[in-house]
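Working through the structure, step by step
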Amino acid sequence: MLGAMENKLQHHNRTAKEYVQGVYEELKNRNSHETEFLQAVEEIVESLEVVFEKHPKYMELGILERIIEPERLIAFRVPWVDDEGHVQVNRGYRVQFSSAIGPYKGGLRFHPTVNASIIKFLGFEQIFKNSLTGQPIGGGKGGSDFDPKGKSDLEIMRFCQSFMSELSRYIGPDTDVPAGDIGVGGREIGYLYGQYKKIKGTVEPGVLTGKGLGFGGSLARKEATGYGTVYFVQEMLKDNEQDFSGKTVVVSGSGNVSIYAMEKAAEFGAKVIACSDSNGYVYDKNGIDVELVKQIKEVDRERINVYLETHPNAEYVDGGSVWEIPCEIALPCATQNEIDEATAKTLIENGVIAVGEGANMPSSLQAINQFLENNVLFAPAKAANAGGVAVSALEMAQNSSRIAWSFEEVDEKLQEIMRNIYQNSVQAANEYGKEGNLVAGSNIAGFLKVADAMVEQGII
Ligand code: NDP
Ligand code: 2IT
């Protein structure tokens with residue numbers, strides 16, 4: 001059947017290079033202002049040329065031009081009333097990018113920088129990341145330009161309720177399953193879930209992941225992204241006769257991903273000496289006190305400089321970049337494009353041996369090339385931070401079966417998933433002549449499963 005369809009389609013007589021460049025140029029013309037989205041697509045396009053060369057059927061069936069176009073992009077008004085009684089209006093988004101292999105799945109980000117380009121880059125990356133997990137989940141992402149900083153708990157609740165009043169029309173346990181991302185953690189998911197339940201009038205725990213443990217949340221979801229990143233980097237190090245043990249590690253950010261990356265790296269014997277927030281960084285040569293960072297950031301919702309109140313021997317650098325601190329292993333866990341080409345060069349000069357991306361797209365394309373050209377072991381975001389969404393899929397499985405697994409059970413599955421992602425990425429890189437390049441390997445491995453599902457499901 002497939003062969004027949006391909007025969008009916010017009011053949012273009014173009015090379016794989018002409019195809020991917022043509023599709024990318026057209027996207028650039030149509031979306032010239034969406035710089036983050038274009039960056040994410042450019043990286044994929046560079047990796048996939050070899051795939052289209054080897055399998056022209058993906059070209060003939062227009063897989064690339066279809067996969068870069070979201071199935072749907074929803075934008076909506078989010079009105080709410082602040083504590084002073086003033087009306088505030090924010091923008092809400094949900095991009096439902098690809099349902100080829102499962103319901104749309106991906107987090108919600110609340111940060112003042114959120115716009116359509118950022119949501120689209122995140123949703124696009126999520127397609128390939130979710131595919132790599134081996135779980136049946138499609139790609140989606142959402143969020144708002146709402147700034148949670150300095151807001152009272154009641155303001156956060158009112159905002160979440162208004163956001164969900166609109167979002168609830170578009171999501172569901174078998175349709176689209178949001179979770180957390182920057183600015184959205186357990187507190188926000190609780191308020192969002194409460195409002196969804198009130199609107200629907202039924203209990204559908206599988207509609208959101210990252211829930212509280214008392215109402216359908218999974219053990220180890222909170223830890224999953226940070227732990228998963230360290231598990232992935234550990235696999236990569238092991239493959240190169242290295243280990244976390246005794247290495248100096250610097251982590252950017254001090255949020256959900258950073259905290260649990262620091263915790264696991266320290267457990268593996270590394271010395272984690274610095275972390276940051278958007279104001280500055282803390283350098284503690286005795287090793288970062290991760291329990292204190294949890295207290296400051298998760299419980300007190302304070303700034304990272306508070307660390308010095310109990311650790312006066314540590315240093316706080318206001319406005320500085322944490323990447324100034326020499327380290328052997330760098331774990332960027334804050335935000336996109338935090339490592340540009342110059343920062344990558346600094347890290348390399350300072351002797352970095354491995355970089356593991358806990359954040360989404362934290363390295364620019366030029367920075368990635370610096371790392372690859374200088375033989376730095378590089379664990380790209382889509383592969384290295386997939387542990388969070390993988391455990392989200394395990395949370396959905398537990399919700400469907402009405403059974404809750406133990407922490408050890410979930411953590412064991414997470415480790416196996418991260419090992420598989422590493423192995424599959426290495427294997428895809430080798431198969432397509434990109435030995436040692438996990439960027440290409442993970443992009444190719446993630447793509448193939450989605451592309452094959454799209455082929456089998458017809459041109460939709
Ligand atoms: P959090 O909101 O818990 O923490 C974010 C941290 O990064 C904070 O320390 C924050 O500082 C810092 N940060 C955020 N934006 C900026 C910025 N523009 N400049 C400098 N620092 C910034 O978010 P998460 O830990 O959940 O997310 C961190 C990264 O990991 C993001 O890229 C996210 O997309 C990615 N990710 C998250 C997953 C998850 O399960 N949560 C899964 C996979 C990837 P401040 O407090 O000052 O804002
Ligand atoms: O970027 C990500 O993978 C996340 N923010 C987690 C998404 C999820 O659905 O758990």
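The structure this text deals with has already been given above.
Residues numbered from 1 in each chain as written. Chains lettered and ligands numbered in written order. Predicted model: local features only at pLDDT ≥ 70, side-chain atom pairs only at ≥ 80, totals over all residues. Heavy atoms only, no water.

One pass over the structure, following the stated rule, counts 22 aromatic pairs. An angle of 90 degrees between the planes, with centres 6.0 Å apart, marks the rings of Phe 110 and Phe 146 as edge-to-face. With Phe 110 in strand E3 (residues 104-110) and Phe 146 in the loop between strand E4 (138-144) and helix H7 (153-167), the pair connects residues that are 36 residues apart, well separated along the chain. We note that Phe 110, like Phe 146, is buried. Consider the rings of Phe 232 and Tyr 422, whose centres lie 5.5 Å apart with planes at 80 degrees: the pair is edge-to-face. One end of the pair, Phe 232, is in helix H9 (residues 221-239); the other, Tyr 422, is in helix H17 (residues 407-431), and 190 residues separate them in sequence. Relative accessible area serves as the criterion here: at 4%, Tyr 422 is assigned to the buried category. Members of the aromatic cluster, connected to one another through ring pairs, are Phe 76, Trp 80, Phe 110, Phe 146, Phe 159 and Phe 163. The aromatic ring of Tyr 432 is capped on one face by Lys 54, whose charged end is 4.5 Å from the ring centroid. Its guanidinium or amino end placed over the ring of Trp 405, Lys 413 lies 4.7 Å from that ring's centre, counting from NZ or CZ. (Phe/Tyr/Trp six-rings, centres within 6.5 Å; stacked < 30°, edge-to-face > 60°. Helix = DSSP H or I, 4+ residues; strand = E, 2+ residues; numbered from the N terminus. Buried < 20%, exposed > 50% of the residue type's maximum accessible area, 1.4 Å probe, protein only. Lys NZ or Arg CZ within 6 Å of the ring centre and 35° of its normal.)

Quick look at the sheet that holds strand E6 (residues 248-251) now. Strand order in this open sheet of seven strands is E9-E8-E7-E6-E10-E11-E12, and the pairing throughout is mixed. Two strands lie at the open edges of the sheet, namely strand E9 (315-318) and strand E12 (377-379), each paired on one side alone. Averaged over neighbouring strand pairs, the angle between their axes works out to 15 degrees when direction is ignored. Examined bridge by bridge, strand E8 (residues 280-283) and E9 share four bridges and lie antiparallel to one another. Along E9, the bridge assignment pairs Val 282 with Tyr 316. (Pairing = 2+ DSSP bridges. Axes fitted to C-alpha atoms, helices over the stretch in contact; angles between N-to-C directions.)

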